[in-house]
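# Architecture and fold: a report
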Amino acid sequence: MSKSSVLNEIEIYTQSVFAHFFLPDILLHFKKSYPNVKIKLNPVLKPGEFISRDSHNPALCLAVCNDTLLARFTQIQGNAPLKLFDGEYQCILNAKNPLAGRESISLENLRDLFFTMAHFKGTSEDDGFLYPLFCELFSTIPSSHTLEAESLANVISLIIKNPEVFTITYYPVIRLVEGGLHGKLAHIPLKDRKLKGAPYLFYAKQAYRQHPALRELVESIRKAAKMLENEF
């Protein structure tokens, strides 16, 4: 094996919901096959900022994209990404909240509730996806009813304990949490919002060809995504 083909580390950048609830089981299985490959899993607000063409120190970026973000990130990567499944951002509530039974919900319906999210201050116009939603949300929900949490796990814990708290995160990945909580969470689409988007896995084509371990990790993520899609 040539020195250039030795892979010591893979960096992964993705949004919190994927880092906490989708990738850990995949990475544990991968480490059993490749114990000497170090994995760095980085929950970030904007995975697209970490897209890399480096084939010697490869990075995987898993990002939810609409058409605008997909075109931008694909150009930066220089090759097409792997689409995992379809989904959308939805409102997540305690299942005991009276709104939980609705087919859809508006921001006005949420006015009297408490909004919480991990590090929401990092959302910016450059995101081109959630920024318009959060602009309207923060003009609808008073500042006295917003809470910034340290992590998505803390957000979920707060919602489970308090029916008056909600967040917005990505479906169907959030169902991985709900499935283990015996129906304590409810997910509801937001009315008249363009929040549909697919998670795409961005990686350098040359790195994929060069490193068998990277190919196996990408394939493991693809298979797990297919299983999630079929389940929900």
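Residues numbered from 1 in each chain as written. Predicted model: local features only at pLDDT ≥ 70, side-chain atom pairs only at ≥ 80, totals over all residues. Heavy atoms only, no water.

This part is about the state of the cysteines. Applying the stated criterion across every chain, the model contains zero disulfides. Free of any disulfide, Cys91 has its nearest cysteine sulfur in Cys135, 18 Å distant. (Disulfide = S-S within 2.5 Å.)

In terms of nonpolar packing, the biggest core is built from 77 residues, with Ile10, Phe22, Leu60, Leu110, Phe166 and Leu217 touching the most fellow members. Sorting elements by how many residues they give to this core places helix α8 (residues 212–231) first, with eight residues. Excluding its chain neighbours within four sequence positions, the residues that come into contact with Phe166 are Cys91, Ile92, Leu93, Leu110, Leu113, Phe114, Phe115, Thr116, Leu137, Ile141 and Ile159. (Core = buried A, V, L, I, M, F, W, Y, C linked by side-chain atoms within 4.5 Å. Buried < 20%, exposed > 50% of the residue type's maximum accessible area, 1.4 Å probe, protein only. Helix = DSSP H or I, 4+ residues; strand = E, 2+ residues; numbered from the N terminus. Contact = heavy atoms within 4.5 Å.)

On to the environment of Phe85, then. Structurally, Phe85 is set in the loop between β4 (82–83) and β5 (87–94). The class of Phe85 is buried, set by a relative accessible area of 2%. Put simply, Phe85 and Pro172 are 87 residues apart on the chain and 9.2 Å apart in space, counted from C-alpha to C-alpha.

A few words on unusual backbone geometry. That bond from Tyr171 to Pro172 is cis: its omega, 20 degrees, falls within 30 degrees of zero. Note on placement: Pro172 falls in the loop between β8 (165–171) and α6 (175–178).

This part covers the pairing of β5. Counting buried positions along β5 yields eight of eight residues, so the element is predominantly enclosed. Here β5 pairs with strand β10 (residues 196–202) via two bridges, running antiparallel. Considered in β10, the bridge of Glu88 is made with Lys196. Judged from the four bridges that link them, β5 and strand β9 (residues 185–188) form a sheet pairing that is antiparallel. The residue of β9 that forms the bridge with Asn94 is Leu185. (Pairing = 2+ DSSP bridges.)

Interpreting fine coordinate detail is not advised for predicted regions of low pLDDT. Scored by pLDDT, the chain comes out at a mean of 89, with 91% of its residues at no less than 70. Across the chain, β4 holds the top mean pLDDT of 98, while α6 sits lowest at 76. (pLDDT = per-residue confidence, 0-100.)

Before going further, it helps to spend a moment on helix α2 (residues 23–33). Side chains three or four residues apart in an α-helix point the same way, a direct result of the helix having 3.6 residues per turn. Taken residue by residue, α2 has Leu23, Ile26, Leu27 and Phe30 as its buried positions. End-on view of α2: buried residues confined to an arc of 95 degrees, all on one side of the axis. Summarising the geometry of α2, the exposed residues directed more than 90 degrees from the buried face are Asp25, Leu28 and Lys32. Looking at the buried side of α2, the elements it contacts are β1 (9–14), α1 (16–21), β2 (38–43), β3 (59–65) and α8. (Arc of directions from axis to C-beta.)

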